[in-house]
Amino acid sequence: MKKNYSSTMERPKWIRFFMEFILFDDLKEDVTESFIRHLTELGVLVLVDDNMWQWKDCDSPVDSEKLILKVQSDLELLSATEPGFALSYFIGYKDLNKKPLFTITGSSDSKSANEKCKESVPHGKPASNLSNLQIVKKVGKQLQPFLQIEESVVSRLIGEYVDKQDAQKLFHYMFGKAGSKAEPKVWEQLSRKRHR
């Protein structure tokens, strides 16, 4: 143990605690602070007075090892609940099952992607001559799914302690963790015959 932590600390100490023992190493301090606010929203980090915060159901005189184990077990239990859906995207000490950020409901009025694609290109008109307005509309349609996911997740995160800016910071970090990036392709020279 590098530092000694207690179950009742000021916010900057909680931020250091979570960055050191709980969260992924790539989390920045400002996102960690938003995460702390989210934990307050979930009720596991309780405001004792103006600047002191206590971990729920944890006695104040506790050693750092017991505090770490208590926080980890509480977070694991909470991440399996609906309000704690975001926690698994931040927990770095253990690989938890991440819930999808956005689930598409199979309602009867929703159209398949092929049907939407066919409707967007009218028959008989060339699609190559795009005006600025058409370009803006096309980009807007391409960004629409991302914006819907962001709106859905951010609205679930906003509360008494978490404002829209905090929720957006949390969402952007979660979105980066949600998708697995494709492996980069190795460049290879295609055959190139010399013409004589």
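Residues numbered from 1 in each chain as written. Predicted model: local features only at pLDDT ≥ 70, side-chain atom pairs only at ≥ 80, totals over all residues. Heavy atoms only, no water.

A. Region of the structure containing the packing of helix H1 (residues 11-21) against helix H2 (residues 29-42). Axis separation between H1 and H2 bottoms out at 10 Å; the angle between their running directions is 105°. In terms of axis orientation, H1 runs roughly perpendicular to H2. Residue-level contacts link Arg-11, Trp-14, Ile-15, Phe-18 and Met-19 of H1 to Glu-29, Thr-32, Glu-33, Phe-35, Ile-36, Arg-37 and Leu-39 of H2. A per-class count over the contact of H1 with H2 returns seven nonpolar, one polar and four charged. (Axes fitted to C-alpha atoms, helices over the stretch in contact; angles between N-to-C directions. Helix = DSSP H or I, 4+ residues; strand = E, 2+ residues; numbered from the N terminus. Parallel < 35°, antiparallel > 145°, perpendicular 65-115°, else oblique. Contact = heavy atoms within 4.5 Å. Nonpolar A, V, L, I, M, F, W, Y, C, P; charged D, E, K, R; others polar.)

B. Region of the structure containing the packing of aromatic side chains. Per the counting criterion, the structure on display carries twelve aromatic pairs. Taken together, a centroid distance of 5.2 Å and an interplanar angle of 20° make the contact between Phe-90 and Tyr-173 stacked. Of this pair, Phe-90 sits in the loop between helix H3 (64-79) and helix H4 (113-120) while Tyr-173 is found in helix H6 (residues 164-178), placing the two residues 83 residues apart along the sequence. Side by side, Phe-90 and Tyr-173 carry an identical accessibility label, which is buried. Of the aromatic side chains, those joined through ring pairs into one cluster are Tyr-5, Trp-14, Phe-17, Phe-18, Phe-21, Phe-35, Trp-55, Phe-90 and Tyr-173. Positioned over the ring face of Phe-85 is Arg-156, at 3.7 Å from the centre of the ring. Positioned above the aromatic ring of Phe-24 is the side chain of Lys-177, whose terminal nitrogen or guanidinium carbon lies 3.9 Å from the ring centre. (Phe/Tyr/Trp six-rings, centres within 6.5 Å; stacked < 30°, edge-to-face > 60°. Buried < 20%, exposed > 50% of the residue type's maximum accessible area, 1.4 Å probe, protein only. Lys NZ or Arg CZ within 6 Å of the ring centre and 35° of its normal.)

C. Here's a closer look at the nonpolar core. Of all hydrophobic cores here, the largest spans 43 residues; its most connected members are Trp-14, Phe-17, Phe-18, Trp-55, Leu-67 and Phe-90. Within the residue set of this core, elements represented by two or more residues are H1, H2, strand E3 (52-55), H3, helix H5 (132-157) and H6. Each residue touching Trp-55, except ones within four places of it in the same chain, is listed here: Ser-7, Trp-14, Phe-18, Leu-39, Val-44, Leu-45, Leu-67, Lys-70, Val-71, Asp-74 and Leu-75. (Core = buried A, V, L, I, M, F, W, Y, C linked by side-chain atoms within 4.5 Å.)

D. Broad picture of the environment of Phe-85. Here Phe-85 shows up in the loop between H3 and H4. Of the residues examined, Phe-85 reaches a relative accessible area of 3% and is grouped as buried. The spacing of Phe-85 and Leu-101 is 16 residues in sequence and 8.6 Å in space, taken between C-alpha atoms. Those residues in contact with Phe-85 that lie beyond four places of it in its chain are Lys-99, Val-153, Arg-156, Leu-157 and Met-174.

E. Here's a closer look at the confidence of the model for the protein chain. Across the protein chain, the average pLDDT comes to 79, with 74% of residues at 70 or higher. The secondary structure element of the protein chain with the lowest average pLDDT is H4, at 44, and the one with the highest is H2, at 94. This model gives residues 104-121 a pLDDT under 50, and the stretch forms four contacts once residues within four places in sequence are excluded. (pLDDT = per-residue confidence, 0-100.)

F. Just H2, in detail. Helix length check: H2 (14 residues) gives 20 Å between terminal C-alpha atoms against 20 Å at 1.5 Å per residue, within 8%. Regarding H2, the residues found buried are Val-31, Thr-32, Ser-34, Phe-35, Ile-36, His-38, Leu-39 and Thr-40. In this structure, the buried residues of H2 make contact with H1, strand E2 (45-47), E3, H3, H5 and H6. Gly-43, located one to two residues past H2, shows a positive phi value of around 90°. (Expected span 1.5 Å × (residues − 1).)

G. Quick peek at H1. What H1 keeps buried is the set Trp-14, Ile-15, Phe-17, Phe-18 and Phe-21. Summarising the axial view, the buried residues of H1 lie within an arc of 160°, below the 170-degree limit, and thus occupy one face. In this structure, the buried side of H1 is in contact with strand E1 (8-10), H2, E2, E3 and H3. (Arc of directions from axis to C-beta.)

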